[in-house]
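# Overview (structure and organization)
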Amino acid sequence: MREQLLAAETVTGIQWRDGALHLLDQRLLPLEQHWLTCVDVVQVAEAIGDMAVRGASAIGICAAYGLVLALRERLAEGDDWEQALEEDFMLLAETRPTPANLFWALNRMRERLQRLRAGEDALAALEAEAIAIHDSDREANLTMAEFGLEQIRRHQGSEQTLLTHGNAGALGSGGFGTALGVIRAAALEGMVGQVYVCESRPWLQGSRLTAWELALDGLPVTLVVDAAAGHLMKTKGITWVVVGADCIAANGDVAAKIGTYQMAVAAMHHGLRFMVVAPSTSIDLNLATGEDIPLEVRGVEELLEVEGIQVTADVDAYNPVVDVTPADLIDVIVTEKGVVERPDAAKIAQLVCRKRLH
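Residues numbered from 1 in each chain as written. Predicted model: local features only at pLDDT ≥ 70, side-chain atom pairs only at ≥ 80, totals over all residues. Heavy atoms only, no water.

## Some words on the nonpolar core
Core analysis: the biggest nonpolar cluster contains 38 residues, and Ile 14, Leu 21, Leu 23, Val 44, Cys 62, Leu 92 and Met 109 have the highest contact counts within it. Mapped by element, the contributors of at least two residues to this core are strand S1 (14–17), strand S2 (20–24), strand S3 (35–38), helix H2 (41–49), helix H3 (56–77), helix H4 (81–93), helix H5 (100–114) and helix H6 (122–156). Among the elements that make up this core, the one with the highest residue count is H3 (twelve residues). (Core = buried A, V, L, I, M, F, W, Y, C linked by side-chain atoms within 4.5 Å. Buried < 20%, exposed > 50% of the residue type's maximum accessible area, 1.4 Å probe, protein only. Helix = DSSP H or I, 4+ residues; strand = E, 2+ residues; numbered from the N terminus.)

## Focus on the pairing of strand S9 (residues 254–257)
The sheet contact formed by strand S8 (residues 247–249) and S9 spans two bridges and is antiparallel. Pairing of Ile 248 across the sheet is with Val 254, part of S9. As judged from the four bridges shared by S9 and strand S14 (residues 322–325), these two strands associate in the antiparallel manner. The residue bridging Ala 255 from the neighbouring strand is Val 324, located in S14. (Pairing = 2+ DSSP bridges.)

## Focus: the sheet that holds strand S11 (residues 283–284)
Taken in spatial order, the four strands line up as S11-S8-S9-S14 in an open sheet, and their pairing is mixed. The open sheet has two edge strands, S11 and S14, and neither has a second partner. The strands touched by helix H10 (residues 260–269) within the sheet are S9 and S14, with S14 carrying the most contacts at an inclination of about 30°. (Contact = heavy atoms within 4.5 Å. Axes fitted to C-alpha atoms, helices over the stretch in contact; angles between N-to-C directions.)

## Focus: the UniProt feature "active site" (unreviewed entry) in the chain
Under the UniProt annotation, the feature "active site" (unreviewed entry) is placed at Asp 246. Along the chain, Asp 246 turns up in the loop between strand S7 (240–243) and S8. For Asp 246, a relative accessible area of 16% corresponds to the buried category. Non-local contacts of Asp 246, meaning those with residues more than four positions away in its chain, are made with Ala 56, Thr 98, Pro 99, Ala 100, Asn 101, Ala 255, Ala 256, Lys 257, Ser 282 and Val 322. (UniProt positions renumbered as here; feature names shortened; annotations may be inferred.)

## Quick look at the pattern of salt bridges
Tallied over the full model, the rule gives 21 salt bridges. Between Arg 153 and Glu 189 there is a salt bridge; the shortest N-O distance is 2.9 Å. Of the two residues, Arg 153 is situated in helix H6 and Glu 189 in the loop between helix H7 (179–188) and strand S5 (192–198); the sequence distance between them amounts to 36 residues. On the basis of relative accessibility, which here comes to 34%, the residue Arg 153 falls in the partly exposed class. Measuring nitrogen to oxygen at the nearest pair gives 2.8 Å for the salt bridge that ties Arg 184 to Glu 213. Here Arg 184 is found in helix H7, whereas its partner Glu 213 is found in helix H8 (residues 205–216), with 29 residues between them in sequence. The exposure class of Glu 213 is buried, given its relative accessible area of 0%. Salt bridges linked by common partners bring Arg 154, Arg 273, Asp 331, Glu 341 and Arg 342 together as one network. (Salt bridge = Lys/Arg side-chain N within 4 Å of Asp/Glu carboxyl O.)

## Considering the side chain of Asp 137
Among the secondary structure elements, Asp 137 is positioned in helix H6. Reaching out from Asp 137, the side chain makes a polar contact with the backbone nitrogen of Gly 174 at a distance of 2.6 Å. Excluding residues that lie within four positions of it along the chain, Asp 137 makes contacts with Ser 57, Ile 61, Ser 173, Gly 174, Gly 175 and Pro 279. (Polar contact = N/O pair within 3.5 Å; in protein donor to acceptor, adjacent residues only side chain to side chain.)

## Brief notes about a nonpolar patch on the surface
Where nonpolar side chains cluster on the molecular surface, the patch consists of Val 306, Ile 309 and Val 311 and spans about 290 Å² of accessible area. Secondary-structure assignment places Val 311 in the loop between strand S13 (309–310) and S14. On the basis of relative accessibility, which here comes to 54%, the residue Val 311 falls in the exposed class. (Patch = residues over 30% accessible without salt bridge, like charges linked within 9 Å, V, L, I, M, F, W, Y side chains within 5 Å. Areas by Shrake-Rupley, 256 points an atom, 1.4 Å probe, with all protein chains shown as cover.)

Okay, structure coming up:
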């Protein structure tokens, strides 16, 4: 399956070349494919905060490359680069509050700096570490695709009708995607009859990004409004709901795109299986439950305006962009380290201690 996925790759959103970070601007897709070139850490932070790049894994990867750009600039400024670099760590850490992968990547880059040997080239070491984070995420997605495919094969027979929410695809990761990696693998095995994609308000990641990715791959994709999810479960023979995650707490509670929670409730009511696909870097054992996960609330203009023009009544608005799905609503969490069925704190702790299985 790994070779098949590699051969079928159609989308990439992050490129590191010529000493700069190049990002496919997700705000403009699918109507325009425009690449941003980030040459300093401020530009990377702005790209993350403004959602030119989004998706927990992709954010972590970009933050790692952002620190490479920051270090290059700090070294050029003078000798006290370590102290100055702390400001850049803080800048990146403050871009988005929820994605665990962001803070994992920043911690890994900090640890690499702390392991520098006497006389070692700090910039080369940090660049190699960022590239390793990027490559590792791609490999994790390939492994998760295989594990998720096996779950679908084991529990459901041949042709599947799948439902996904948000964008957990190649654009939100280092490549291939988490939830979409599993869906792609199932399609390559001839197991997918239909994929329903929720539009994913307010940024429309489902309609603009997920549907675009799947259509490029030639999958049978149908777009629906978010509020249609329960109706589809009742009437369209959905077999699996497959989603990604921004953060997973120690007890298996999952923070993901707003609307995921209500989809999990509806899936349980209809007796459907609910799969979360995310790398182990999305797990934060310091967060005991979903109640401890910092949930991002973005500006109300994202609800009230379209391209800067107000299209609603002059009212207050509330714009949470992630919610928490309790572990007891989740059938399986798929990571590159293995699979956890009916997640709880003991199973999550055991998973984190494992080495990668592939």
